[in-house]
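# Understanding the architecture of this molecule
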Amino acid sequence: MLPGRVNELIQLNKYFGQNESSLLVLYGQSSVGISSLLEEFKEGKNTFEYCSKHCSEREQRYLWAGELRNQGIVCDNDYPDFSFIFERIISDSKDGKKLIIIRDFHRIVRVCPEFMTSLSAFVRAYKNDNRLMCILVSNHLGWIENAFVDTIGKNAFAITGFMKIKPLHFLELVCHYDTPDTAKCMDFYCILGGNPEYWDYFDISLSLRENIINVLLRDDGAFRNIGTDILKKELRETGVYATILATIAEGREKLNDIFVHTGFSRAKISVYLKNLMNLELVEKVYSYDTAGSENTKKGIYRISSPLVDFWFRFIYPNESLIKRMGAEEFYDSFIDGSLNKCIGKYFGSVCCEYIDILNDRNLLPFKYTKKGEWVGKTGTINIVAQNTDRDTLLGFCNVDKPITTFFDYEWYCYTAKEARLRPDVMYLFSKGGFDRELTELAEKDDKIKLIDMREF
């Protein structure tokens, strides 16, 4: 069992144990561990599973008929309609509950509206006799959350529930590697993210340099082509998407900057960004609402996946150079000095997790009810947290500098002023520690909390 998925497994079994048939939508990023979760959940259950294809409706029904026959279910029609398919699946479940798993179901819904009409009627027909549980699986998160219900209309009433499988937290990665070396785990997390299906590819006994060389830079590395592999799985015109992602990874994060660099129309870029956001590969950044809104950056896009960001930042634009120089020399020349700045963008999520734990355990000066990030024109506040009385906690995270200095603290204070925020407490996170002047100030001022992430 993957770490951190106990609650999800309990919830799935709770749905299965209901005294009626059910239809569940299960969704999350493609590498978030849904397959492993379902493998454990379906153990010992009478299961029919189908993986939808990129094809026409007629071809889909043809392939599904073949799958029925492969699983020992009689099907004389080469192109059966969906109602017939569902009835044949449940025909052998008279002595127990049938679990039906349809993976990548969005591929069917998008080309065949009748699919959900047939499925919802099928589920309703068996609603009260507890004969089936159907799980629809998808990795198109944005589409599920923003367009799916509108697309299927009244058929949505047949759905019992939606279950989103989210990326795992940093501490679950530490548990996965079972190591006290949290500093190395932090580096791993800021490259691999919270998608556990990536974690086994990095070896905790090796250095970060060795892991990157072995897994990302060598020709036979597991993630050598991870960026384009992810795009090809669900998107057409991968060249356009790759161009946009490479542009963002290089630091052009505003729509106009992407337009100027790529030459694509703004309308086209917006459509492609929306598709990338549907897969949670890109996010639009919204600053925490403060009185200093005129000093915020607006219309900023960020790559959500640290692994995709790393790949498009270092590997995509340098394919020829990597082959010419070799993996080791390329790392030392082009990655080593820039790595902290690249992964620093994701260091804030680890700091947020730390603050959330303190908040849940009532270990902060006050319990906050609202939290976000403030992205300013001159600086960023990684954590802004407030309660209903407007008591304010600010968090600043430093990973790309070897040490956090008193000068950095003064800059943080200036950034807070730009945001028009008066902090009641400031948490300063540093991967490399703090200088003496800042340490001495924190000893005198209990509003300043210094967190050395090497001791996390």
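Keep in mind the model is a prediction, meaning the values are calculated, not measured.

### Observations concerning the packing of helix H4 (residues 82-90) against helix H6 (residues 114-125)
Two quantities define a packed helix pair, namely the angle between the axes and the distance from one axis to the other. Two elements in contact, H4 and H6, have axes whose closest approach is 9 Å; the angle formed by their N-to-C orientations is 40°. Handedness of the crossing formed by H4 with H6: right-handed. Of the residues in H6, those touching H4 at Phe82, Ser83, Phe86, Glu87 and Ile90 are Phe115, Ser118, Leu119 and Phe122. Its residues assigned to classes, the contact of H4 with H6 comprises 6 nonpolar, 2 polar and 1 charged.

### Let's talk about the confidence of the model for the chain
Per-residue pLDDT for the chain has a mean of 93; in total, 98% of the residues score no lower than 70. The secondary structure element of the chain with the lowest average pLDDT is helix H7 (residues 141-146), at 90, and the one with the highest is helix H11 (residues 208-217), at 98.

### Observations concerning the pairing of strand E12 (residues 448-452)
Of the pairings in the sheet, the one linking strand E11 (residues 425-430) to E12 comprises 5 bridges and is parallel in character. By the bridge assignment, Phe429 is partnered in E12 with Ile451. Handedness of the E11-helix H21 (residues 436-444)-E12 crossover: right-handed.

### Description of the environment of Arg236
Secondary-structure assignment places Arg236 in the loop between helix H12 (226-234) and helix H13 (238-249). Distance in space between the C-alpha atoms of Arg236 and Lys377 is 35 Å, their sequence separation being 141 residues.

### Quick word on the nonpolar core
Of all hydrophobic cores here, the largest spans 83 residues; its most connected members are Phe202, Ile212, Leu216, Leu217 and Phe429. Ranked by residue count, the leading element in this core is helix H19 (residues 339-360), at 11 residues. Those residues in contact with Ile212 that lie beyond four places of it in its chain are Ile191, Phe202, Leu217, Phe310, Tyr331, Ile335 and Leu339. Listed in part, the 38 residues of the second largest apolar core include Trp64, Phe82, Phe122 and Phe148.

### Re the sheet that holds E11
Spatial strand order, E8-E9-E10-E11-E12: 5 strands in an open sheet with mixed pairing. Strands with a single pairing partner mark the edges of an open sheet, and in this sheet they are strand E8 (370-375) and E12. Neighbouring strand axes in the sheet, compared pairwise and without regard to direction, differ in orientation by 20° on average. Along the sheet face, H19 touches E8, strand E9 (380-386), strand E10 (392-398), E11 and E12 and points at about 135° away from the line of E11. Sheet strands touched by helix H20 (residues 406-418): E8, E9, E10, E11 and E12. Its angle to E11, the strand with the most contacts, is close to 130°.

### Observations concerning the pattern of salt bridges
Applying the stated rule across the entire model yields 24 salt bridges. A salt bridge links Asp309 to Lys345, with the nearest nitrogen and oxygen atoms 2.7 Å apart. Of this pair, Asp309 sits in helix H16 (residues 306-315) while Lys345 is found in helix H19, placing the two residues 36 residues apart along the sequence. Classification of Asp309 by relative accessible area gives buried; the value is 1%. Judged by relative accessible area, which is 37%, Lys345 ranks as partly exposed.

### With respect to the environment of Leu168
Residue placement: Leu168 occurs in the loop between strand E5 (161-164) and helix H9 (170-177). Taking the C-alpha atoms as reference points, Leu168 and Asn195, separated by 27 residues in sequence, lie 6.4 Å from one another.

### As for the packing of aromatic side chains
Across all of its chains, the model carries 31 aromatic pairs by this definition. Look at Trp64 and Phe86: their rings are 6.0 Å apart centre to centre, the planes differ by 85°, and that puts the pair in the edge-to-face class. Taken together, the residues span a long stretch of sequence, with Trp64 in helix H3 (residues 57-70) and Phe86 in helix H4 at a distance of 22 residues. With a centroid separation of 5.3 Å and 75° between ring planes, the pair formed by Tyr198 and Phe223 is classed as edge-to-face. Separated by 25 residues along the polypeptide, Tyr198 in the loop between helix H10 (182-192) and H11 and Phe223 in the loop between H11 and H12 bring together distant segments of the chain. When the ring centre of Phe41 is taken as origin, the NZ or CZ atom of Lys45, which lies over that ring, is 4.3 Å away.

### Here we look at the side chain of Asn278
As for its placement among the helices and strands, Asn278 is situated in helix H15 (residues 266-278). A distance of 3.3 Å separates a polar side-chain atom of Asn278 from the backbone nitrogen of Trp143. Setting aside chain neighbours within four positions, we find Asn278 in contact with Asn139, His140, Leu141, Gly142 and Trp143.

### Concerning a negative patch on the surface
On the surface, Glu410, Glu437, Glu440 and Glu443 cluster together into a negatively charged patch. With 3 residues, H21 is the single largest residue contributor to the negative patch. The topology assignment puts Glu410 in helix H20. Residue Glu410 is classed as partly exposed on the basis of its relative accessible area, which comes to 42%.

Conventions we followed
- Residues numbered from 1 in each chain as written.
- Predicted model: local features only at pLDDT ≥ 70, side-chain atom pairs only at ≥ 80, totals over all residues.
- Heavy atoms only, no water.
- Axes fitted to C-alpha atoms, helices over the stretch in contact; angles between N-to-C directions.
- Helix = DSSP H or I, 4+ residues; strand = E, 2+ residues; numbered from the N terminus.
- Left-handed = near helix turned anticlockwise from the far one by under 90°.
- Contact = heavy atoms within 4.5 Å.
- Nonpolar A, V, L, I, M, F, W, Y, C, P; charged D, E, K, R; others polar.
- pLDDT = per-residue confidence, 0-100.
- Pairing = 2+ DSSP bridges.
- Right-handed = clockwise from strand over helix to strand, strands pointing away.
- Core = buried A, V, L, I, M, F, W, Y, C linked by side-chain atoms within 4.5 Å.
- Buried < 20%, exposed > 50% of the residue type's maximum accessible area, 1.4 Å probe, protein only.
- Salt bridge = Lys/Arg side-chain N within 4 Å of Asp/Glu carboxyl O.
- Phe/Tyr/Trp six-rings, centres within 6.5 Å; stacked < 30°, edge-to-face > 60°.
- Lys NZ or Arg CZ within 6 Å of the ring centre and 35° of its normal.
- Polar contact = N/O pair within 3.5 Å; in protein donor to acceptor, adjacent residues only side chain to side chain.
- Patch = residues over 30% accessible without salt bridge, like charges linked within 9 Å, V, L, I, M, F, W, Y side chains within 5 Å.
- Areas by Shrake-Rupley, 256 points an atom, 1.4 Å probe, with all protein chains shown as cover.
- Lys, Arg positive; Asp, Glu negative; His and termini not counted.
- Charge placed at Lys NZ, Arg CZ, Asp CG, Glu CD.

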